[in-house]
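Structural overview
Here's the letter readout for the chains.
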There are 2 protein chains.
Amino acid sequence: MVVKKSLTPAAVVEVALGVVDEHGPEGLTLAAVAQRCGVVTPSLYKHVASLGELKTLVGVRVLEDMTEQFTATALGRSGDDAVTTLMHAYRAYVAAHPKRYAALPMDPMHDPIQAAAGQKLIGVMLATLRSYGLEGPAAIQATRRLRVLVHGFASIESAGGFGLPEDLDETYDQLIQMYLTSLRNES
Amino acid sequence: MVVKKSLTPAAVVEVALGVVDEHGPEGLTLAAVAQRCGVVTPSLYKHVASLGELKTLVGVRVLEDMTEQFTATALGRSGDDAVTTLMHAYRAYVAAHPKRYAALPMDPMHDPIQAAAGQKLIGVMLATLRSYGLEGPAAIQATRRLRVLVHGFASIESAGGFGLPEDLDETYDQLIQMYLTSLRNES
DNA sequence: CTCATAGGCTAATGGCATTAGCCTATGGGC
DNA sequence: GCCCATAGGCTAATGCCATTAGCCTATGAG
C-alpha cells in the first residue's frame, strides 16, 4: 500500500526543522511550513497548537538530536579522550547545522515540554566527566564550565562572530586544553 | 525656552532600548516604540529607515555602552587584576540588562554600521591583556578565549539557563581562574 | 451500512511593517 | 517682516502573518 503523507505532528516538526536550517529561526513561520507541507496555513492547527508550540517542539527535536549524536560519539571513551571527543562533536554539530543551533532555547529547563530533553543533554556531559571522580557540587561546576565553553564558542562561531575564520581550530584546541587543565586542578 | 521633544534618531534608539529592556528583543516593534514616543507608527520612518535599522542601531548603542563601562572599570589596572575586573564587569552588565544583552548581534563585524563599535569592544579586551606581553596571534587567541568565556556564561545566565542560581558566583570564579591559568601557561 | 471524526478548506479578524501622499509650522534667506 | 522649502507629523492603503470559527468529506470502527 502506498504510504499516505498523513502529516503527523512529528512530520510537521521535521518540515519546520528544514525551514529553520534554510532560513534561520526568524524564518520559521507557520505559513512557510504549511507551504512545504502542501497545505494551507490554518490546517496546521490540526497538528500543532500554535507557532510557539512548534518552536518549542523544534527545540526539543534539536536537543534530542544533539544528545543522540554526542552519546554515540562518547560511548566507549573516558577521561580526557571522552571530553575532547565530546567537545569536538559539539562543535561539529553546530557547524553542520548553524541556523538550527540558533533555534535552541538557552533555558530548556524552564519549559516543561523541553525540560526532559535538556536534562538528558546535560546528563551526557555529566556522564562524560564521570571518570574524573568528581563529587556532587564539583561535578555540577565542571559541567557548567564545559557548557559555557562549548556554547560560548559554538554560538559565536555559528554566527560568524569571529572576525577571521583563521586558526579557529587552534582556538578551540586551546579551549579544550584550558578545560582539561581545570579538571586536573580540581581533583 | 522649553525644550521640544524633537525626537531625534538617537532619542528613538533610546526609547527602543527601553522597550527591549522591558519586553526583550522580540518585543522590539515599531508600533511599541511609536506609542512610547507619543507618535503614530509611520512617523518613525522620518527618523529610522526600518525596523531592521533600528535593531542595528540598538545593537550599536549596547556595544558602546558596554565598551564605556568596561573601559572605566579596567582603567588603571593590569594583569590578573585587570582581567578579573573586566570579567566581573561583563557579568555585571549583563545581569543588569539581561534582555538588552540578548539583543546583541553575535557578528557585529559583518555589519558596516556595527563594525566599529564591535571592534572597540574587542579592543578593550585586547588592551586588558596587554600587560601579559602576548604577541600578535597569541594575543588574538587569548582574546577569543576570553570572549568565549564571558559570552558563554553571560548568555546562559541571562537567559536563566543554569538550572539553579546556586553557586553561580563560584562557577564564575572557576572560569576566571581557568582563564588566568591559561594565560600563564601561554607565555 | 452508518456515523463520528480526522484533517483538509474558506472566510474573517487583528497586529505589524512599510509606502504614498497630504498638511503645517518653522526658521533661514531675502 | 515676508516667503517658501522642508522637517516631521498624519491618514489611508497594502500585504504578510497568526489565529479562530465554522464547513465539508472521506474513512474506518462498530
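Residues numbered from 1 in each chain as written. Chains lettered and ligands numbered in written order. Predicted model: local features only at pLDDT ≥ 70, side-chain atom pairs only at ≥ 80, totals over all residues. Heavy atoms only, no water.

Turning our eyes to something else, we now look at the overall build of chain A. Per the secondary structure count, chain A includes eight helices and zero strands. Taking the principal axes of the C-alpha coordinates as reference, chain A spans close to 60 × 40 × 35 Å. Here chain A holds 187 residues, and the buried ones make up 46% of them. For chain A, restricting intrachain contacts to residue pairs at least 6 apart in sequence, the fraction spanning at least 24 positions comes to 68%. Summed over all atoms, the accessible surface of chain A reaches about 9000 Å², with 57% contributed by carbon and sulfur. Within chain A, the 20 negative side-chain charges are centred at a point lying 8 Å from the centre of the 16 positive side-chain charges. (Helix = DSSP H or I, 4+ residues; strand = E, 2+ residues; numbered from the N terminus. Buried < 20%, exposed > 50% of the residue type's maximum accessible area, 1.4 Å probe, protein only. Contact = heavy atoms within 4.5 Å. Areas by Shrake-Rupley, 256 points an atom, 1.4 Å probe, with all protein chains shown as cover. Lys, Arg positive; Asp, Glu negative; His and termini not counted. Charge placed at Lys NZ, Arg CZ, Asp CG, Glu CD.)

For the rest of this paragraph, the subject is a negative patch on the surface. A cluster of acidic side chains, namely Glu166, Asp167, Glu170 and Asp173 of chain A, defines a negative patch on the protein surface. Mapped onto the secondary structure, Asp167 of chain A falls in the loop between α7 (136-158) and α8 (168-184). (Patch = residues over 30% accessible without salt bridge, like charges linked within 9 Å, V, L, I, M, F, W, Y side chains within 5 Å. Salt bridge = Lys/Arg side-chain N within 4 Å of Asp/Glu carboxyl O.)

Counting residues in each nonpolar core, the largest one holds 112 residues, and the members touching the most others are Leu54, Tyr90 and Tyr179 of chain A together with Leu54, Tyr90 and Tyr179 of chain B. Residues contacting Leu54 of chain B, with those up to four places away along its chain left out, are Val12, Val13, Ala16, Leu28, Leu30, Val33 and Val48 of chain B. (Core = buried A, V, L, I, M, F, W, Y, C linked by side-chain atoms within 4.5 Å.)

With that settled, consider helix α3 (residues 51-74) of chain A. All names here are of chain A. In this model, α3 (24 residues) spans 35 Å end to end at C-alpha, consistent with the 34 Å of a helix rising 1.5 Å per residue. Within α3 the residues assigned to the buried category are Leu54, Thr56, Val58, Gly59, Val60, Val62, Leu63, Asp65, Met66, Thr67, Phe70 and Ala74. On the buried face of α3, the contacting elements are α1 (9-23), α2 (30-36), α4 (79-96), α5 (98-102) and α6 (112-128). Just past α3, the residue Gly76 takes up positive phi, approximately 80°. (Expected span 1.5 Å × (residues − 1).)

The next point concerns the interface of chain B and chain A. Listed by partner, the interface residues are 32 residues for chain B and 32 residues for chain A. With both sides pooled, the region where chain B packs onto chain A buries about 2700 Å², and carbon together with sulfur makes up 62% of that total. The largest per-residue losses of area from chain B upon contact with chain A belong to Arg144, Val148 and Met178 of chain B, which jointly make up 23% of the total buried on that side. Run the count over chain B and chain A and you get zero salt bridges. (Buried area = accessible area lost by both parts, 1.4 Å probe.)

Contacts to DNA strand D come from 16 residues, most closely from Thr29 and Leu30 of chain A together with Ser43, Lys46 and His47 of chain B. Protein-adjacent atoms of DNA strand D, using a 4 Å cutoff, are sugar or phosphate at a proportion of 54%. Tyr45 of chain A has a polar side-chain atom sitting 2.7 Å from a phosphate oxygen of DNA strand D. At 3.2 Å, a side-chain N or O of His47 of chain B approaches a phosphate oxygen of DNA strand D. (Near = heavy atom within 4 Å. Polar contact = N/O pair within 3.5 Å; in protein donor to acceptor, adjacent residues only side chain to side chain.)

It is worth spelling out the relation of the copies chain B and chain A at this point. Rotating chain B by 180° and moving it 0.0 Å along the rotation axis overlays it on chain A with an RMSD of 0.0 Å. Accordingly, the operation relating the two chain copies is best matched by a two-fold axis. Considering only C-alpha atoms, the residue of chain B closest to the rotation axis is Gly152 of chain B, which sits at 1.8 Å. When the interface residues of chain B are mapped onto chain A, 100% of them again lie at the interface, so the same face is used by both copies. (Least-squares fit on C-alpha atoms with pLDDT ≥ 70 in both.)

On to the pattern of salt bridges. Residues and elements named next belong to chain A. Going through the model one piece at a time under the given rule, you end up with 16 salt bridges over all chains. For Asp21, the salt bridge is made with Arg100, and the minimal N-O distance between the two is 2.5 Å. Pair noted here: Asp21 is in helix α1 and Arg100 is in helix α5, with a separation of 79 residues, a long-range link. Relative accessible area serves as the criterion here: at 28%, Asp21 is assigned to the partly exposed category. Overall, Arg100 belongs to the buried group, its relative accessible area being 8%. For Arg100, the salt bridge identified is with Asp65, shortest N-O distance 3.2 Å. Placement of Arg100 in helix α5 and of Asp65 in helix α3 is noted, with a sequence separation of 35 residues between them. In this pair, the class of Arg100 matches that of Asp65, namely buried. A network of salt bridges, in which partner residues are shared, links Asp21, Asp65 and Arg100.

Locating Ala72 of chain A in the fold gives a position in helix α3. With 39 residues separating them along the chain, Ala72 of chain A and Val33 of chain A place their C-alpha atoms 31 Å apart.

As a matter of local geometry, DNA strand C sits amid 15 residues, with Ser43, Lys46 and His47 of chain A together with Thr29 and Tyr45 of chain B nearest to it. Sugar plus phosphate: this is where 54% of the atoms of DNA strand C within 4 Å of the protein reside. The separation between a phosphate oxygen of DNA strand C and a polar side-chain atom of Tyr45 of chain B is 2.7 Å. A distance of 2.9 Å separates a phosphate oxygen of DNA strand C from a polar atom in the backbone of Leu51 of chain B. Split by residue class, the surface near DNA strand C holds nine nonpolar, five polar and one charged. (Nonpolar A, V, L, I, M, F, W, Y, C, P; charged D, E, K, R; others polar.)

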